[in-house]
Amino acid sequence: MASINELIAKRKPGFGLEQAFYRRDDIYAKEVSRIVLQSWLYVGHQSQVAAVGDFFTTELAGESVIIVRSGDSEIEALINVCRHRGSRVCLEDDGNARLFSCPYHAWSYNLDGSLRGAPQMANDIQFEDFGLKQAKLVNFHGLLFINFDTDANFDVIAADLDEPMQCYGLANAKVAHRQNYPMTANWKLAIENFCECYHCAPAHREFAVAHSAARPDSRFDARRDAVLANATACGLSTNMCSTSFDSPDYVGSERYIDRYALLKGHVTGSRDGGPVAPLMGSISDYDGGATDIQIGPLSYGLAYCDHVVLYRFMPTSINTTDCEVIWLVNESAVEGEDYSLEELVWLWDVTTKADKKIIEDNRRGVDSHFFEPGPFAPMEMYTEQFTEWYLNVMRSA
């Protein structure tokens, strides 16, 4: 069996990945340890833990994490593994708690993860040595990101994205809806699809009628220039960053933000192109554009003037991936009065359902004995960047 480095060495430049990268368990295990467990991963919004004791649990590549507000300004990411025998401590999806008690032997933990009680253990047990382990957590404009590498640094991401994201007021937003679209496919097939719009015109009619990203024609560069010229007057930033997968400073620092034009007659991502919710943050008007955002290799966003859509891709096995979509609106918006949930979610619900089918059909083809990777098209530039980044990471692993 060829080694990872041997597979990388024989790949044709400008072509996709060999079948082994989607099917071999040893490669998947390295991806989890080298990429997933060392990257910044979106887990939720601060509004989900608004009061002290509020918590929710999240699953990330086989790991369970408790996100809990332990104090007025403190939010923790506790590894959901009892320090006694390893049982899951918290079995609920969400709620409010004064403490967490393991259902196996009743070891209990304070909201900050410190050990509170260990019934009938020897008197000399050192409580300070047996608190719940923690992931590193960063609250970035109300968006909660964790990293299992406690030495990881978020500064390079914040330096590039802090200013252009401020106008959306995400710290004062709320989750209007979240939905998981589980896919029977390797996680890389989902990311490869998300990173390119070569497929958008033939596969996403609803998206393509509104978004210039689906069009390769250079005529739309002029429309983008007009959007950027109008952005400042509407309270939006024109400070863009296109680092993405191009030579990251370290694994997990991948970031990208870019504003592009919506097509004529569209001011947001909706069924008819019209507004679907109150304007976000400090935005005062519609400038005719939308902003793509990436934080880490598995978390993405699309920010409109009146709502923000977040995508979280998470491998659950070598051949299964959770694709969770989160819709954020201004925290003052009232469902049924200020927005219709059906209209708010329509575009990205229909688009993600179509993507799920595309990606799963792609997986069936990749599994064929006759599959061999083909060349990237110019509109697959970011997928090619992702592929090169992935191979560099795996080579160093």
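Right, let's walk through the structure included here. Residues take numbers from 1 onward in each chain, read along the sequence in its written order. Owing to the predicted nature of the model, reporting of local features is limited to residues with pLDDT of at least 70; listing and counting of side-chain atom pairs is limited to 80 or more, with chain, interface and lining totals taken over all residues. Side-chain measures here rest on the full set of heavy atoms in the structure, leaving out hydrogens and waters.

What follows concerns the overall build of the protein chain. Across its full length, the protein chain carries 10 helices and 17 strands. Taking 397 residues into account, the globule formula puts the C-alpha radius of gyration at 21 Å, and the protein chain, at 22 Å, falls close to it. Whether a residue is buried, partly exposed or exposed follows from its accessible area with a 1.4 Å probe, protein chains only, as a fraction of its type maximum: under 20%, in between, or over 50%, in that order. Counting only residues that meet the buried cut, the protein chain has 53% of its 397 residues in that class. Contacts are assigned to residue pairs that have any heavy atoms within 4.5 Å of one another. Within the protein chain, contacts between residues at least 6 apart in sequence are counted, and of these 67% link residues at least 24 apart. The distance from the centre of the 34 positive side-chain charges to the centre of the 56 negative ones in the protein chain is 5 Å. Each helix is a run of H or I in the DSSP string that is no shorter than four residues. Each strand is a run of E no shorter than two, and both are numbered from the N terminus. Every radius of gyration here is taken over C-alpha atoms, with the globule rule written as 2.2 Å times N^0.38, N being the number of residues. We count Lys and Arg on the positive side and Asp and Glu on the negative side, and we leave His and both chain ends out. In plain terms, the charge of a residue is placed at NZ if it is Lys, CZ if Arg, CG if Asp and CD if Glu.

Although it is not a glycine, Q120 sits at a positive phi angle of roughly 65 degrees. Position of Q120 among the secondary structure elements: in the loop between β8 (115-117) and β9 (136-140). The phi dihedral of H141 is positive, around 55 degrees, even though this residue is not glycine. Take H141: it is sitting in the loop between β9 and β10 (143-147). With a relative accessible area of 18%, H141 lands in the buried category.

Okay, the sheet that holds strand β7 (residues 108-109) next. Note: two strands are recorded as paired if DSSP finds a minimum of 2 bridges between them. Reading across the sheet, the three strands line up as β6-β7-β8 and stay open at both edges, with antiparallel pairing between neighbours. At either end of the open sheet lies a strand with only one pairing partner, and these are β6 (100-101) and β8. The sheet contact formed by β6 and β7 spans two bridges and is antiparallel. Across the sheet, S101 pairs through a bridge with S108, a residue of β7.

Let us now look at the state of the cysteines. Note: disulfide means a covalent bond formed between the sulfur atoms of two cysteine side chains. When two cysteine sulfur atoms lie within 2.5 Å, the pair is treated as a disulfide. For the coordinates displayed, the defined rule picks out one disulfide. Each disulfide pairs two cysteine sulfurs, and for C197 the partner residue is C200, the sulfurs being separated by 2.0 Å. In this structure the cystine formed by C197 and C200 twists about its S-S bond by roughly -105 degrees; its chirality is therefore left-handed. What makes C197 buried here is its relative accessible area of 12%. Classification of C200 by relative accessible area gives buried; the value is 5%. Looking at C82, it has no disulfide partner, and the nearest cysteine sulfur is the one in C102, 3.9 Å off.

Further remarks concern the layout of surface pockets. Over the atoms, a rolling probe the size of a water molecule traces out where space has been left empty. Grid spacing is 1 Å over the protein atoms alone, the probe is 1.4 Å, and a cavity is where that probe fits but cannot get out, while a pocket is an open set with protein on both sides within 12 Å along at least five of seven lines and lining residues have an atom within 4 Å of a point. Grid points are joined across faces, edges and corners, and a volume is the space filled by probe spheres set on the points. The computed volume of the largest pocket comes to approximately 1000 Å³. Along its surface, the largest pocket is lined by 39 residues, and C197, A213, Y256, D292 and Y382 are the ones closest to its centre. Elements that contribute at least two residues to the lining of the largest pocket include exactly α5 (187-194), α8 (219-231), β12 (241-244), β13 (255-261), β14 (289-295), β15 (299-303), α9 (341-366) and α10 (381-396). Ranked by residue count, the leading element in the lining of the largest pocket is β13, at four residues. Looking at the lining of the largest pocket residue by residue, the class counts come to 21 nonpolar, 10 polar and eight charged. Considering only enclosed or pocket space, the second largest pocket measures out at about 440 Å³ in volume. Taken together, 21 residues form the lining of the second largest pocket, with T57, T58, E59, D93 and R178 sitting closest to its centre. For the lining of the second largest pocket, the secondary-structure elements that each account for two or more residues are β2 (54-60), β11 (173-180), β16 (308-317) and β17 (320-330). Element by element, the count of residues in the lining of the second largest pocket is highest for β2, at five residues. Throughout, the ten residues Ala, Val, Leu, Ile, Met, Phe, Trp, Tyr, Cys and Pro are labelled nonpolar, Asp, Glu, Lys and Arg are labelled charged, and all others, Gly among them, are labelled polar.

To continue, consider the environment of Q166. By secondary structure assignment, the location of Q166 is in helix α4 (residues 155-166). Taking the C-alpha atoms as reference, Q166 lies 18 Å from W327; in sequence the two are 161 residues apart.

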